[in-house]
Each structure stands twice: as C-alpha cells, then as structure tokens.
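The residues making up each chain are set out below.
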Amino acid sequence: MLRNLIVAIDGPVGSGKSTLARRVAELLGYLYIDTGAMYRSVALKALRRGISLEAQEHLTSLAAETRIDLRAQDGTQQVFLDGEDVTAAIRTPEVAQAASKVAVVPGVRRVLVAEQRRAGERGGVVMEGRDIGSVVFPDAQLKIFLTASPEIRAERRWHEHQQKGDGIDLTRTLEEIHERDRRDRERSASPLVRAHDAIVVDSTAMEPEEVARLVLLLVNERGG
Ligand code: DC
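Residues numbered from 1 in each chain as written. Predicted model: local features only at pLDDT ≥ 70, side-chain atom pairs only at ≥ 80, totals over all residues. Heavy atoms only, no water.

A. Seen up close, the environment of Ala-88. Mapped onto the secondary structure, Ala-88 falls in the loop between β5 (84-85) and α4 (93-102). Separated by 10 residues in sequence, Ala-88 and Gln-78 place their C-alpha atoms 8.9 Å apart. (Helix = DSSP H or I, 4+ residues; strand = E, 2+ residues; numbered from the N terminus.)

Structure below.
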C-alpha cells in the first residue's frame, strides 16, 4: 500500500527546486506547493500599497489579512492574491528582492508557515522553499536539499528572464543571486539551512529529468 508522503525540497535560488518539485508532483500525482510564491505575493501586496519593507508589524498584519490560493492547472501552478491572478506579476526581479526582505520578518513567516502546514498536513504533497524540511515539516518522510554552483544558478535565472523578454544581464543576475543567498542564509528567522536529515543533491551537472528520477527512487524507497 503506497503512502501519501510529504516531500520537502529546499535550496537556494536557481537550484532547480521548482522544476524538480513540479515534475516529482506530476509523476506521483501529488500536490505541488511553491511556498516562495506565498512570500512573493505578500511582497507584491506590500509594494502596491507602498508599505515599507522594514515595517515588521505592518507586514505581519498584512500577511494575516491576505488570502493566497495556489491552484494547479494543466501542469502549471497559478497564484491568486485575494482573488486576483498574480502568477506573472510575482515573477519580476523587483518582487523577488522584496520577497527576500519580507521573508526575514518573523511574524510574516509565522502566518505563512501555519498556512503551509494546513495545506500539507494530509500528505501527498511536494512542498518547496527554504525551510520546509527544517521548520514547516521537520518530520517529512523525504527531505531534499538541492544545490548548484552560483554561476549555473545565475545562468538558469538569466535564461528565464530572457524568455520573458527582460533585458537583464548575466553579471547583474549573478550579483542578485549572491545578494539573495546572503539574505536567505543570514536572517535570524528560519535561515536557509540544510536539515540534518536532508539528502543533498547537487544539480550543477545534472539534467532536470535525472534529478526527478533520483528523487522518485528515494520516494519509492520510503514506500510512497
Ligand atoms: O523561491 P523564491 O525565489 O520564489 O522565493 C522568494 C523569496 O522568499 C526568497 O528570497 C526566499 C523566500 N522564501 C523563504 O524565505 N522561505 C520559503 N519557504 C520560501 C521562500
């Protein structure tokens, strides 16, 4: 009898988490939950309202009064912020930077982590983020910590921007990656760390499909 596992995928920006989590969820028929999209949604709302990204209490109450729905559609995920489709709007470099600032606020994390636990508690989920294996689901049956070299991660991000027609250059993308890495690792509230029982996978020299197959083997090993 197959079990509905919780698969936690953490790692730095551009390591391939989203591609991996989406593919593994598809292969297993599990729910895919992108927790970064939740931090991005709160950041977008704050930017639109002109709320300072340093105003911790204000940001916490903003998060508490925000409804974020992640809906699976045709193999992709759509993100709704208070009923509005913000799937594309949250993917700009400006929102990415703002999200990493919003994510340092302990109150915001408390609100979003509670929602993430509710969404995943029944299992059968692949959840990706920075603190899924360490904080959100410390008892997850499978934890993957996905990494890749900063240069490869910058290249991947840059390709994504190119495809969307954003004229951002590679050097600037690499700088942004370093900046976000530092902020994600150094914040005191749930920094990006590898959970002690997470399996480290370095995707620098691997094709996305190879990584997905490897994770699938690990899921099968755990009875999922
Ligand atoms: O994965 P992403 O680039 O969409 O995440 C956006 C920001 O949110 C990123 O700076 C890290 C932060 N984040 C976090 O702190 N914890 C999570 N579980 C997910 C994302």
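B. Structural detail: the sheet that holds β5. What the three strands build is an open sheet, ordered β3-β4-β5; its pairing is antiparallel. Every interior strand has two partners, whereas the edge strands, β3 (68-73) and β5, have only one. Here β3 pairs with strand β4 (residues 76-81) via six bridges, running antiparallel. Note on β4: the bridge partner recorded for Gln-73 is Thr-76. Along the sheet face, helix α2 (residues 35-49) touches β3, β4 and β5 and points at about 35° away from the line of β4. (Pairing = 2+ DSSP bridges. Contact = heavy atoms within 4.5 Å. Axes fitted to C-alpha atoms, helices over the stretch in contact; angles between N-to-C directions.)

C. Up close: the site of the ligand. Neighbouring the ligand are 15 residues, the closest being Arg-40, Arg-109, Asp-131, Arg-180 and Arg-187. Thr-35 has a polar side-chain atom sitting 3.0 Å from a nitrogen atom of the ligand. Within the side chain of Arg-40, a nitrogen or oxygen atom sits 2.6 Å from an oxygen atom of the ligand. When isolated, the ligand has an accessible area of 450 Å², and the protein chains bury 98% of it. At the level of elements, α2, α4 and α8 (170-186) are the ones that each hand at least two residues to the shell around the ligand. (Near = heavy atom within 4 Å. Polar contact = N/O pair within 3.5 Å; in protein donor to acceptor, adjacent residues only side chain to side chain. Areas by Shrake-Rupley, 256 points an atom, 1.4 Å probe, with all protein chains shown as cover.)

D. Main features of the sheet that holds strand β2 (residues 31-34). The sheet built from five strands is open, its strands ordered β2-β6-β1-β7-β8 with parallel pairing. Each of the sheet's edge strands pairs with one partner strand only, and the pair in question is β2 and β8 (199-202). Sheet twist, expressed as the mean angle between neighbouring strand axes with direction ignored, is 20°. One ladder, built from four bridges, connects strand β1 (residues 6-10) with strand β7 (residues 142-147); its direction is parallel. Residue Ala-8 lies in a different strand from β7, and its bridge partner there is Lys-143. The sheet contacts of helix α1 (residues 17-28) involve β1, β2, β6 (125-129) and β7, and relative to β6 the element is tilted by about 175°. Strand contacts of α2: β2 and β6, with the helix running at about 40° to β2, the strand carrying the most contacts.

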